Amino acid sequence: AQRVTQPEKLLSVFKGAPVELKCNYSYSGSPELFWYVQYSRQRLQLLLRHISRESIKGFTADLNKGETSFHLKKPFAQEEDSAMYYCAFKNYGGATNKLIFGTGTLLAVQP
Amino acid sequence: GAGVSQTPSNKVTEKGKYVELRCDPISGHTALYWYRQSLGQGPEFLIYFQGTGAADDSGLPNDRFFAVRPEGSVSTLKIQRTERGDSAVYLCASSLRAGASFGELFFGEGSRLTVL
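Residues numbered from 1 in each chain as written. Chains lettered and ligands numbered in written order. Predicted model: local features only at pLDDT ≥ 70, side-chain atom pairs only at ≥ 80, totals over all residues. Heavy atoms only, no water.

> Which parts of the structure should I look at to understand the pairing of strand 4 (residues 31-37) of chain B?
Remember that side chains alternate between the two faces of the sheet whenever the strand is regular. Residue and element names in this part refer to chain B. Summarising burial for strand 4: seven of the seven residues are buried, a large majority. The alternating pattern of strand 4 places Ala31, Tyr33, Tyr35 and Gln37 and Leu32, Trp34 and Arg36 on opposite faces, both of which are buried. Note that strand 4 and strand 5 (residues 44-50) share six bridges and pair antiparallel. Directly across from alanine 31, in strand 5, lies its bridge partner glutamine 50. Where strand 4 folds back onto strand 5 in an antiparallel hairpin, the turn is made up of six residues, including glycine 40, whose phi is positive at roughly 80°. Bridge count for strand 4 against strand 9 (residues 88-95) is seven bridges, and the pairing is antiparallel. Directly across from tyrosine 33, in strand 9, lies its bridge partner alanine 93. (Buried < 20%, exposed > 50% of the residue type's maximum accessible area, 1.4 Å probe, protein only. Helix = DSSP H or I, 4+ residues; strand = E, 2+ residues; numbered from the N terminus. Pairing = 2+ DSSP bridges.)

What follows is the structure in structure tokens.
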């Protein structure tokens, strides 16, 4: 079955500390992986996608097919990074954009 | 409009009642999705439309749930004989096209349904 696992419900770090939000997926084919973010009182929005190999707001994520992981990283956390982060997966080249989401990790950056 | 619009933002109803939730996608977006998010969970896929037709309704939990998109724009999610377990935030999203795209879904703010 296709599944996305985010093992941490809450990750609390201090400002300036490195951040790693974990995401593992279960799928035998070629996946597309995404990170979506929801800031307080805002709607869910795309942060980054693996095929773009981009860095957004200092965040990066590398798809590791061997470990079936797509962890989100940032070297120095900022208070404005505090938000709910969801890892999401879709079947690469599939007929739909149906995304399967993980349960989310709440990132709390302390001053 | 500037983004995906959902109404009502909040709906409180009694067990057994019928509910309709409306979604107005971004103009020009052909794909429309409904998700449900329960407390402490990630968004759970319900149904996806490409144009007017439901291309994938595999996430609808049972036949009390139904959705339409008659003109390929606005969509309505309909829930019959509501149950307390239906309480959740119902999210709508739209995207430019399906298939070989970048997979960016634009979400609405959601409709919070509470069944008493």
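There's more to say after this.
> Could you clarify how one ought to interpret unusual backbone geometry in this entry?
A negative phi angle characterises most non-glycine residues, just as the trans form characterises most peptide bonds. In the segment running from threonine 7 of chain B into proline 8 of chain B, the intervening peptide bond is cis, with an omega of -10°. Within the secondary structure, proline 8 of chain B sits in the loop between strand 1 (5-7) and strand 2 (10-13). A positive phi angle, near 45°, is found at threonine 68 of chain A, a position not held by glycine. Within the element layout of this structure, threonine 68 of chain A appears in the loop between strand 7 (60-61) and strand 8 (72-74).

> What am I meant to see in the state of the cysteines here?
Among covalent bonds in proteins, the disulfide is the one between the sulfur atoms of two cysteines. Residues and elements named next belong to chain A. The final tally for this structure, using the stated rule, is two disulfides over all chains. A sulfur-sulfur separation of 2.0 Å characterises the disulfide bridge that pairs cysteine 23 with cysteine 87. Since a negative S-S torsion denotes a left-handed disulfide, the cysteine 23-cysteine 87 link at about -65° is left-handed. Remark: cysteine 87 occurs in strand 9 (residues 83-91) and cysteine 23 occurs in the loop between strand 3 (19-21) and strand 4 (24-26); sequence separation between them is 64 residues. (Disulfide = S-S within 2.5 Å.)

> Please clarify how the sheet that holds strand 3 of chain A should be interpreted in this entry.
One key point about sheets: their strands pair by backbone hydrogen bonds, in either a parallel or an antiparallel sense. Residue and element names in this part refer to chain A. On the basis of which strands lie adjacent, the open sheet formed by three strands has the order 3-8-7 and antiparallel pairing. Because the sheet does not close on itself, it has two edges, and the strands there are strand 3 and strand 7. Inspection of the sheet shows strand 7 paired to strand 8 by two bridges, in the antiparallel sense. Each bridged residue has a counterpart across the sheet, and for threonine 60 the counterpart in strand 8 is lysine 73.

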